[in-house]
Amino acid sequence: MYRKILVAYNGTPESRSALQECVRLAPTSATEVHLLVVVSPPQSVVIGEYAMVSMLGVEEEIAAERQKMEDELNIGLNYLRDAGLTVQAHLEVGEPVPMISDLVDKLGIELVIVGHSRQQSLAMRWWRGSTDALLVEKIRCSLLVASDPN
């Protein structure tokens, strides 16, 4: 039985599958369940005299994305809590793989659960360097890749 589980969630159907897999594992009350939502900064390029305008636009984008992801975090929390789990929430700003890896190390996580899209084959995603493939190289614990059944 895993004692510390981290579920990466972003509101997509694939990440909802990760929530469902966590519930299916039926963790006990002694299990620490952590729900991570990552706000990814926009990929913007700031050039010359447009620097100030671009920075203001980036800040607005980050604020909007943060609000959206806070809402998703609450949806995920409610889902897991309605299933009877005690959950600790984490909302981080950055890139998902380093954020997940950092929490694994910091919290002593034993299992990470992420969602997988069926839009591309798993082999193709790993070959091209998807989040799943990068993550498996970065973390020092088990990784459960949940698929959307649809």
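(A) Representation of the overall build of the protein in the model. Within the protein, the secondary structure is distributed over 5 helices and 5 strands. Ordered by position from N to C terminus, the α and β elements of the protein give β-α-β-α-β-α-β-α-α-β. Taken across its 150 residues, the protein has 38% of its residues classed as buried. Total accessible area on the protein stands at roughly 8800 Å², and carbon and sulfur atoms take up 52% of it.

(B) Seen up close, the pairing of strand S4 (residues 111-116). Counting buried residues in S4 gives 6 out of 6 residues, a clear majority hidden from the surface. Side-chain alternation along S4 places Leu111, Ile113 and Gly115 on one buried face and Val112, Val114 and His116 on a second face that is also buried. Where strand S1 (residues 4-8) meets S4, 3 bridges bridge the pair, whose relative direction is parallel. Within the sheet, the bridge partner assigned to Leu6 lies in S4 and is Val112. In this structure, S4 lies alongside strand S5 (residues 142-147), joined through 6 bridges in parallel fashion. Note on S5: the bridge partner recorded for Gly115 is Ala146.

(C) Main features of unusual backbone geometry. One non-glycine residue, Ala26, lies in the positive phi region at around 50°. Using a relative accessible area of 48% as the deciding quantity, one classes Ala26 as partly exposed.

(D) Highlighting the side chain of His90. Within the element layout of this structure, His90 appears in strand S3 (residues 87-93). Other than its neighbours up to four places away in sequence, His90 contacts His34, Leu35, Leu36, Val37, Leu73, Leu103 and Leu107.

(E) Region of the structure containing the sheet that holds S1. Ordered in space as S3-S2-S1-S4-S5, the 5 strands form an open sheet in which the pairing is parallel. Only two strands of the sheet have a single partner each, and these edge strands are S3 and S5. When the angles between neighbouring strand axes are averaged without regard to direction, this sheet yields 25°. Of the strands in this sheet, S1, strand S2 (32-39), S4 and S5 touch helix H1 (residues 13-24), which is tilted by about 140° from S4. Where helix H3 (residues 96-107) meets the sheet, its contacts fall on S1, S2, S3 and S4, and the angle it forms with S2 comes to roughly 155°.

(F) Quick look at the environment of Ala18. For Ala18, the position within the fold is in helix H1. According to the relative accessible area criterion, Ala18 is buried, its value standing at 0%. Between the C-alpha atoms of Ala18 and Val112, which are 94 residues apart in sequence, the distance is 9.4 Å. If we skip the residues at most four places from it in the chain, Ala18 touches Val7, Ala8, Ile113, Val114, Gly115 and Ala146.

(G) How the structure looks around the nonpolar core. Membership of the largest hydrophobic core comes to 19 residues, with the highest contact counts inside it found for Val7, Cys22, Leu35, Leu80, Val87 and Ile113. Of all the secondary-structure elements, those providing two or more residues to this core are S1, H1, S2, helix H2 (51-82) and S4. Aside from chain neighbours lying at most four places away, what touches Val87 is Val33, Leu35, Leu77, Leu80 and Arg81. Core analysis: the second largest hydrophobic core is formed by 16 residues, Val97, Val112, Leu135 and Ile139 among them.

Definitions and limits used
- Residues numbered from 1 in each chain as written.
- Predicted model: local features only at pLDDT ≥ 70, side-chain atom pairs only at ≥ 80, totals over all residues.
- Heavy atoms only, no water.
- Helix = DSSP H or I, 4+ residues; strand = E, 2+ residues; numbered from the N terminus.
- Buried < 20%, exposed > 50% of the residue type's maximum accessible area, 1.4 Å probe, protein only.
- Areas by Shrake-Rupley, 256 points an atom, 1.4 Å probe, with all protein chains shown as cover.
- Pairing = 2+ DSSP bridges.
- Contact = heavy atoms within 4.5 Å.
- Axes fitted to C-alpha atoms, helices over the stretch in contact; angles between N-to-C directions.
- Core = buried A, V, L, I, M, F, W, Y, C linked by side-chain atoms within 4.5 Å.

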